[in-house]
Amino acid sequence: MLPSLYIALRFIHFSALMVLLGSTISCSVLAPQPFQPVLIRRLKWLWQSAVWLAMLSAVLLLCAQAGMMGSGWPDTINPEIWLAVLGTRFGSVWIWQILLGVVTVVVLLLKPRNLQSMMLLFAAAQLILLAGVGHAAMREGFYGGVQRLNHAVHLLGAGWWVGGLLPLIMCMRMARKPRWRGAAIIAMMRFSRYGHLAVAAVLLSGLINSLMILGWSLPLESAYVRFLLVKVVFVAVMVIIALYNRYFLVPRFNRSPTATKQFIQLTWLEIILSVAVILAVSIFATWEPY
């Protein structure tokens with residue numbers, strides 16, 4: 001039961017940070033200046049929920065790790081086991097993850113003028129920290145640093161891409177209103193243009209990370225490798241959908257009344273696939289590669 005809870009918490013934590021990064025990039029970087037406050041208000045429920053979920057899941061992940069390291073459920077609330085976990089490599093990274101999560105919540109409650117920019121930086125910092133745990137931290141020295149840097153790029157690219165899909169749908173819906181049509185279209189065009197960089201970063205860094213973990217061999221008898229291949233298939237379908245949306249449907253928006261509807265439907269499918277990918281990662285990240 002504890003391993004299942006750990007997987008669920010990892011899924012929530014990764015998802016929340018990616019949603020927070022993607023939504024804040026969309027609101028504070030991609031949206032035109034006059035449109036930013038409007039989009040921020042429309043997505044308020046999304047990025048504020050992500051802040052709280054990221055912090056709570058970080059704390060609960062420490063408790064779950066303590067229970068698995070100790071003797072089960074009683075040790076999830078045992079301070080001595082918590083300290084033992086914090087003395088491990090995982091713990092030395094995770095204490096900063098928790099602290100950043102708490103600081104992010106505090107900043108959210110204080111509501112400074114540059115709130116969105118600070119949320120973006122905190123989300124990026126927490127995603128980068130995640131590269132210090134799991135299989136990306138299996139090497140030491142120079143190659144270990146390269147692997148963690150590469151994985152950090154992978155997580156940031158995934159957060160930008162996946163986390164920006166819900167804001168993209170919101171912009172698509174707001175583009176139907178004459179008042180916001182121009183600004184919403186500019187935001188979507190920027191997401192499409194710069195989203196190419198996020199997708200390229202995810203694909204290239206994912207390939208490098210797989211090679212650094214597995215080498216050139218693919219032991220298909222390994223459950224880790226089978227789940228990895230499932231992830232690859234899902235990501236490939238997401239890329240195909242993104243390319244179809246951008247280069248087939250977008251040029252037809254003005255000529256075909258069904259193109260917009262199909263774009264939104266396929267983007268929802270992309271979101272569903274991204275949820276499946278994050279869930280798969282949350283599962284096989286707890287397994288040994290071989």
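Residues numbered from 1 in each chain as written. Predicted model: local features only at pLDDT ≥ 70, side-chain atom pairs only at ≥ 80, totals over all residues. Heavy atoms only, no water.

### So, the overall build of the protein chain
Here comes step 1: In terms of regular secondary structure, the protein chain is built from eleven helices and zero strands.
Here comes step 2: Taken from N to C terminus, the helices and strands of the protein chain fall in the order α-α-α-α-α-α-α-α-α-α-α.
Here comes step 3: For 290 residues, the compact-globule estimate of 2.2 N^0.38 gives 19 Å, and the protein chain sits close to it at 20 Å.
Here comes step 4: Across its three principal axes, the protein chain shows a C-alpha extent of roughly 60 × 50 × 35 Å.
Here comes step 5: Here the contacts in the protein chain between residues at least 6 apart in sequence split such that 75% fall between residues at least 24 apart.
Here comes step 6: As displayed, the protein chain has an accessible area near 14,400 Å², and 72% of this comes from carbon and sulfur atoms.
Here comes step 7: In the protein chain, 22 positive and 6 negative side-chain charges are present, and the distance between their average locations comes to 30 Å. (Helix = DSSP H or I, 4+ residues; strand = E, 2+ residues; numbered from the N terminus. Rg over C-alpha atoms; globule rule 2.2 N^0.38 Å. Contact = heavy atoms within 4.5 Å. Areas by Shrake-Rupley, 256 points an atom, 1.4 Å probe, with all protein chains shown as cover. Lys, Arg positive; Asp, Glu negative; His and termini not counted. Charge placed at Lys NZ, Arg CZ, Asp CG, Glu CD.)

### Let's talk about helix α5 (residues 89-110)
Here comes step 1: Taking 1.5 Å per residue as the helical rise, α5 with its 22 residues ought to reach 32 Å, and the 32 Å between its terminal C-alpha atoms agrees with that figure.
Here comes step 2: Within the sequence span of α5, burial applies to Phe-90, Gly-91, Val-93, Trp-94, Gln-97, Ile-98, Leu-100, Gly-101, Thr-104, Val-105, Val-107 and Leu-108.
Here comes step 3: As for α5, its buried residues are in contact with α1 (2-30), α3 (44-69), α4 (79-86) and α6 (115-130).
Here comes step 4: Of the residues trailing α5, Lys-111 is marked for its positive phi of about 55°. (Expected span 1.5 Å × (residues − 1). Buried < 20%, exposed > 50% of the residue type's maximum accessible area, 1.4 Å probe, protein only.)

### Comments concerning the packing of helix α8 (residues 165-174) against helix α11 (residues 257-284)
Pairs of packed helices are described in terms of their axes, by the angle between the two and the distance that separates them.
Here comes step 1: Interhelical geometry of α8 versus α11 gives an angle of 165° and a closest axis separation of 10 Å. Viewed along their axes, α8 and α11 adopt a mutual orientation that is roughly antiparallel. Judged by the sense of rotation from one axis to the other, the crossing of α8 with α11 is left-handed. When α8 is examined against α11, the residues Leu-165, Leu-166, Leu-168, Ile-169, Met-172 and Arg-173 are found in contact with a partner set consisting of Thr-260, Phe-263, Ile-264, Thr-267, Trp-268, Glu-270 and Ile-271.
Here comes step 2: Split by residue class, the contact of α8 with α11 holds nine nonpolar, two polar and two charged. (Axes fitted to C-alpha atoms, helices over the stretch in contact; angles between N-to-C directions. Parallel < 35°, antiparallel > 145°, perpendicular 65-115°, else oblique. Left-handed = near helix turned anticlockwise from the far one by under 90°. Nonpolar A, V, L, I, M, F, W, Y, C, P; charged D, E, K, R; others polar.)

### Here's the deal with the nonpolar core
Here comes step 1: Residues Phe-35, Leu-39, Trp-94, Met-119, Trp-161 and Met-174 are the most contacted members of the largest nonpolar core, which totals 87 residues.
Here comes step 2: Excluding anything up to four places from it in sequence, Met-174 contacts Phe-35, Val-38, Leu-39, Arg-42, Trp-180, Arg-181 and Ala-184. (Core = buried A, V, L, I, M, F, W, Y, C linked by side-chain atoms within 4.5 Å.)

### Regarding a positive patch on the surface
Here comes step 1: A surface patch of like charges, here positive, comprises Arg-41, Arg-42, Lys-177 and Arg-179.
Here comes step 2: Tracing the backbone shows Arg-42 in helix α2 (residues 36-42).
Here comes step 3: Among the residues examined, Arg-42 registers a relative accessible area of 32% and is labelled partly exposed. (Patch = residues over 30% accessible without salt bridge, like charges linked within 9 Å, V, L, I, M, F, W, Y side chains within 5 Å. Salt bridge = Lys/Arg side-chain N within 4 Å of Asp/Glu carboxyl O.)

### So, the confidence of the model for the protein chain
Close inspection of predicted coordinates is inappropriate for parts of the model with low pLDDT.
Here comes step 1: In the predicted model, the protein chain carries a mean pLDDT of 88, and the fraction of residues at 70 or more is 94%.
Here comes step 2: Of all secondary-structure elements in the protein chain, the lowest mean pLDDT belongs to helix α10 (residues 223-249), at 87, while α6 reaches the highest, 95. (pLDDT = per-residue confidence, 0-100.)

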